[in-house]
Amino acid sequence: ISYFLGVVPRTFVGALAVAMPTALINYVTSCSKYLTHQIARFTLAFYVTWCFSTFRRATKNVFGTQVGNFLLLLTCSQFHFMFYASRTLPNTFGMCCALMTMSHWFNRDWDGFLWWSGLGVLIFRSELMILLGPMLLMDIYYKKKDFRELINPGLQIAGILLIVCCSIDTYLWRYTIWPEAKVFYFNTWMNKSNEWGRMPFLWYFYSALPRVMLLGLPLAVAGILTERRVFNVTLPAIIFVALYSLLPHKEVRFILYVVPLLNIAAAFFMKKLWDKGILFRCAILGMLLANLLGCSVFLSASYHNYPGGSAMAAVHKYADCDQNTTVYIGNYAAQNGASRFGEECEAVFERRWNYIKTENLTISTIRGFDLLLVEPKEVTHYNPTHTVEEKFYGFSRIRLKPTPPFILTEKKEVLYLLRSKSMKKEKSTDCDSALIPLL
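Draft legend 1. Structural context of the side chain of Thr22. Position of Thr22 among the secondary structure elements: in helix α1 (residues 13-29). Other than its neighbours up to four places away in sequence, Thr22 contacts Thr36, Ile39, Ala40 and Thr43.

Printed below as a string of structure tokens:
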């Protein structure tokens, strides 16, 4: 644990939910690290898909089958929801909890609402309280539910969840802790998250949501303005984005929870247009195709956004797995694909290979490593002791062209692989360097 603490401690609950089926499959099949990585990602994607399927069924119960079908088509034409569905982030587990909570809200199942909202808020992402809380407050205001009936079950559920969560995390972190409380204190109360970047107040509205929803956003706005039921359903999403915008540090993944609700508004308006005739149906199909085109552009950019995985695979070409080798993984590589699943020659017996990600090492210390994964601006520091073996390219920008292909993904040098001059240069035959971690 000491090598991979992170900025703030996160709960192990989600990791255990993914690890248990993954470990079982790994135990039965004895598959490689690369395949284990894919199984873990597939497991999480299965959870998100199951939760979204439940949410879609609840949507069909409230708004009808056509709206549910358009919701599915629209969501599948948008890149970011599917991209994050298999990413092992607290936000992805929070998305599962949000989808299930909203499903129970639609079905007026308050026990399910309390369990899933408690799981999401207390364990994974505390900011979900400003998305799921307004749903409960609206029903209390419209007298659909008596608040007094929720106090006792709510406290009991919160107590059970906290006991389970704190027990697991205290045991695994090796000190008494409630991770999400510590995260809330660090990011929100102390506002420390802004040290990782600041964005304008309206950034979610003019940048993040248009990219996430593509052409579904204007349809969602139209649906909200033309149907009261849709407005009531999406109001918590609007409140959430507005309040969350108060925090200066902003990322797309922080507001992904609102996309299913806004997509309901878009799907409702798509149904209205579909019923108007053939021209409107063609327009809807054209919109979905345009979304898929935008999705392909994002996919291309994402594909080139994680060169650390390629670089991590490449290091194994320069030494055999039974050869004593030290690998230094720089900050950029560690953040962009150089995961532990790529450590093909992990030190198990006699510590043959050591992969080091420790930050703030001195230049003289780093020069002692056999292989380095560093940024271009750092290469000159190691010229006396190392030689450049390979360069790796990452996404730079999207450029439009007047001729086919009309959209071009431009790349730039982002990582160098350096080999020590004192290291024997021999190509490995024991390690499969073709495996690149799925990111």
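Draft legend 2. Inspection of empty space enclosed by the protein at higher detail. Scanning the entire structure with this criterion turns up one cavity of 30 Å³ or more. For the lining of the largest cavity, the elements supplying multiple residues, two or more each, are α4 (79-84) and α5 (90-106). Its residues placed into classes, the lining of the largest cavity shows six nonpolar, two polar and no charged.

Draft legend 3. Expanded view of the sheet that holds strand β5 (residues 407-420). Within the open sheet, the five strands sit side by side as β2-β1-β3-β5-β4. Their pairing is mixed. The open sheet has two edge strands, β2 (353-356) and β4 (386-400), and neither has a second partner. Between one strand axis and the next, the sheet turns by 15 degrees as a mean value, whatever way the strands run. Where β4 lies against β5, 13 bridges are found, and the strand directions are antiparallel.

Draft legend 4. Just the pattern of salt bridges, in detail. What the rule picks out here adds up to 14 salt bridges. Among the ionic pairs, Glu390 bridges to Lys317, the shortest N-O distance being 2.8 Å. Pair noted here: Glu390 is in strand β4 and Lys317 is in the loop between α15 (307-314) and β1 (325-329), with a separation of 73 residues, a long-range link. Using a relative accessible area of 18% as the deciding quantity, one classes Glu390 as buried. Between Glu343 and Arg340 there is a salt bridge, with the nearest N and O atoms lying 3.7 Å from each other.

Draft legend 5. A look at the state of the cysteines. Evaluation of the coordinates by the stated rule reveals one disulfide. The disulfide bridge from Cys321 ends at Cys345, spanning 1.9 Å between sulfur atoms. Between Cys321 and Cys345, the S-S torsion sits near -45 degrees, and that sign places the bridge as left-handed. Remark: Cys345 occurs in the loop between α16 (331-335) and β2 and Cys321 occurs in the loop between α15 and β1; sequence separation between them is 24 residues.

Draft legend 6. Up close: the packing of helix α11 (residues 216-226) against helix α13 (residues 259-274). Running from amino to carboxyl end, α11 crosses α13 at an angle of 80 degrees, the nearest separation of the two axes being 7 Å. Taken together, the axis directions place α11 and α13 in an arrangement best described as roughly perpendicular. Between α11 and α13, the contacting residues are Gly216, Leu219, Ala220, Ala222, Gly223, Ile224 and Thr226 on the first element and Leu262, Ala265, Ala266, Phe269, Met270, Lys272 and Leu273 on the second. Tallied by class, residues from the contact of α11 with α13 come to 10 nonpolar, three polar and one charged.

Calculation notes
- All chains use their own residue numbering, which begins from 1 and follows the written sequence.
- Selection of residues for local features in this predicted model requires a pLDDT of at least 70, selection of side-chain atom pairs for listing and counting requires 80 or more, and totals for whole chains, interfaces and linings are taken over all residues.
- Hydrogens and water are ignored here; the side-chain numbers use all heavy atoms of the structure.
- For the purposes of this entry, the term helix denotes a DSSP run of H or I that reaches at least four residues, the term strand denotes a run of E that reaches at least two, and both are numbered from the N terminus.
- For this analysis, residues touch if any pair of their heavy atoms sits within 4.5 Å.
- Cavity means a closed set of points on a 1 Å grid over the protein atoms alone, one where a 1.4 Å probe fits but cannot get out, pocket means an open set with protein on both sides within 12 Å along at least 5 of 7 lines, and lining means a residue has an atom within 4 Å of a point.
- Grid points are joined across faces, edges and corners, and a volume is the space filled by probe spheres set on the points.
- The nonpolar class holds Ala, Val, Leu, Ile, Met, Phe, Trp, Tyr, Cys and Pro. Asp, Glu, Lys and Arg form the charged class, and all remaining residues, Gly among them, are polar.
- For two strands to count as paired, DSSP must find a minimum of two bridges between them.
- Note on geometry: axes are C-alpha line fits, over the in-contact stretch for helices, and angles between N-to-C directions span 0 to 180 degrees.
- Salt bridge, as used here: a side-chain nitrogen of Lys or Arg that lies within 4 Å of a carboxyl oxygen of Asp or Glu.
- Relative accessible area decides the class of each residue, using a 1.4 Å probe on protein chains only: under 20% of the type maximum gives buried, over 50% gives exposed, and in between gives partly exposed.
- Note on terminology: disulfide denotes any pair of cysteine sulfur atoms within 2.5 Å.
- Note on terminology: angles under 35 degrees are roughly parallel, angles over 145 are roughly antiparallel, angles of 65 to 115 are roughly perpendicular, and the others are oblique.

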